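Summary of the model geometry
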Amino acid sequence: MSVRYSTVIDRFIRSGEVPPVVLTDGQEPLLACVVQTMQDEEIRLGVRGDRVKERIFRDEMMQFITECEEKEAFRRKCLPPHYDPEAAALQYAEDVAQRREAHHPLMMLNLRQIPIYLKRCNITDLDFFQAWNLMGGYWNEVLFEQARRLVRLQHDFPQLLDIARYMGREADTEGPDRMKADAGAAMSLDHASHSDIEGFTLGNDLTALLPNELALSADPDTGDLFTLRYATRTLQMFRSRSDLLKPTRRLTEKNARREGPMVVVLDTSASMDGQPLETGYSLVVRLLEYAIARKRALFLVSFAVAAHPIDCVQEKGKLLRQMRQRADGHTDVSEALDVVFDLLEKNPDYMGADVALVSDFQVPMVEKKKQGVWRRLQEAGTRFYGLQLGMMEHSRWRTFCDKYWVIDYHFKMSRYNFVPES
């Protein structure tokens, strides 16, 4: 149901439209609370047209809706076998109203205070959006600055922005779900009524002859002239719009690369402790904003010895817990690649994925069987990128990547390398 509410909120932000809902107990209580919030004068006048406030409003409302739905789902599981549906509906409406009373003042406080803080600290909208994504809708200046520290690494290392642009590539606009019209050299006639007269022309269509030509055919003295004109297609006749010659059109289909998920395979072994690991998380934060804006999936597969897949859009709490853990353990990417390969091969729509392997690349090369799967996925449309954090000898991994970046912390500089596609 959250999709339905999301559509209502997006329409309100875009056009100011508020759906007509009867605000009565027991009748769409959650939607009624959403509409009631939209009808608030401060919301109507202050939110639309301000990117920051629009984002805060949308995220806060979706969080409120999700919490209400989750609580109602849990409550229904606990209902006795025989319960009064009317009483249950009234209880649900009361719970939603109470939750709104607690949530609404906090949302209004955020809408007033956050823009002031961003202006005072000269924080750009994009930097705010990325840090805000990690806060789960709860504003706290200390936590916000901790999240923004990851975002600021993108200004120190512009390669992060570069790789994010590659991974955020848009799908082809033409494909099987879009028909493409090809123009040909041949000409065709449209068949339609002759009531759409355009003027006069020459030809031998007996159904469109001018009256004087019909008179020629009826007179024995001019019958031969009529026959000659018919044979040479020089009879005067009405011209209709439907008779105009047009270039032929042919509908064709063109294969399109589907817009699959973005996947970050992040090394969290002991050698990545400190700034390298923070840099990897900074890339994840940037891609999370891409994923939310373009409605793409984003998965983080962290690895040391064991692999831990996280859906970054749907499991932000799990993502935050992962970010708070220190790098530790030895390095083995095999299990992480198994997770990625399994994800991509079992979901046909995911074959157009963008996968980034982020590591210091003190990583042993995997067996040839996995190398073969890697190459097969590349041929199917998956793009693999490498981000090397720290200088070391050239790694064999770069020959498997469509593009490869290097960040050298020792010299506080970065180097960007293109690797030809194999």
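Before reading on, note that the structure itself is shown above.
Structure report, in brief. Predicted model, so just to flag it, every value in this text is computed and none were measured.

Moving on, we get to unusual backbone geometry. Even without glycine at this site, N122 takes up a positive phi of about 55°. By secondary structure assignment, the location of N122 is in the loop between α5 (85-120) and α6 (125-133). Residue N122 is classed as exposed on the basis of its relative accessible area, which comes to 69%. Residue K295 is not a glycine yet carries a positive backbone phi of 55°. Along the chain, K295 falls in the loop between α11 (275-294) and β6 (298-303).

With that out of the way, let us pick up the packing of aromatic side chains. Taken as a whole and assessed by the stated rule, the structure comprises 16 aromatic pairs. Arranged with centres 5.7 Å apart and planes meeting at 50°, the rings of F12 and F57 form a pair that is tilted. Placement of the pair is F12 in helix α1 (residues 2-15) and F57 in helix α4 (residues 51-77), with a sequence separation of 45 residues. Both residues of the pair, F12 and F57, belong to the buried class.

Time to look at the pairing of strand β8 (residues 354-359). Consecutive side chains along a regular strand alternate between the two faces of the sheet. In terms of burial, β8 is a largely internal element, six of the six residues being buried. Here β8 shows no split at all, with D354, A356 and V358 on one side and V355, L357 and S359 on the other all buried. Of the pairings in the sheet, the one linking strand β5 (residues 262-267) to β8 comprises five bridges and is parallel in character. Bridge assignment links V264 to a residue of β8, and that residue is A356. When β8 meets strand β9 (residues 383-389), the two strands line up parallel, connected through six bridges. Its bridge partner being in β9, V358 is matched across the sheet by L387. Note on the crossover from β8 through helix α14 (residues 368-379) to β9: the handedness is right-handed.

Moving on, we come to the pattern of salt bridges. In this structure the tally under the stated criterion is 19 salt bridges. Salt-bridge contacts for D162 lead to R165; the nearest nitrogen and oxygen are separated by 3.6 Å. Within this pair, D162 and its partner R165 are both found in helix α8 (residues 159-167), separated by three residues, close to a single helical turn. Across the pair D273 and R326 runs a salt bridge whose closest N-O atoms are separated by 2.4 Å. Of this pair, D273 sits in the loop between β5 and α11 while R326 sits in the loop between α12 (316-323) and α13 (334-345), placing them 53 residues apart in sequence.

Procedures and definitions
Residues numbered from 1 in each chain as written. Predicted model: local features only at pLDDT ≥ 70, side-chain atom pairs only at ≥ 80, totals over all residues. Heavy atoms only, no water. Helix = DSSP H or I, 4+ residues; strand = E, 2+ residues; numbered from the N terminus. Buried < 20%, exposed > 50% of the residue type's maximum accessible area, 1.4 Å probe, protein only. Phe/Tyr/Trp six-rings, centres within 6.5 Å; stacked < 30°, edge-to-face > 60°. Pairing = 2+ DSSP bridges. Right-handed = clockwise from strand over helix to strand, strands pointing away. Salt bridge = Lys/Arg side-chain N within 4 Å of Asp/Glu carboxyl O.

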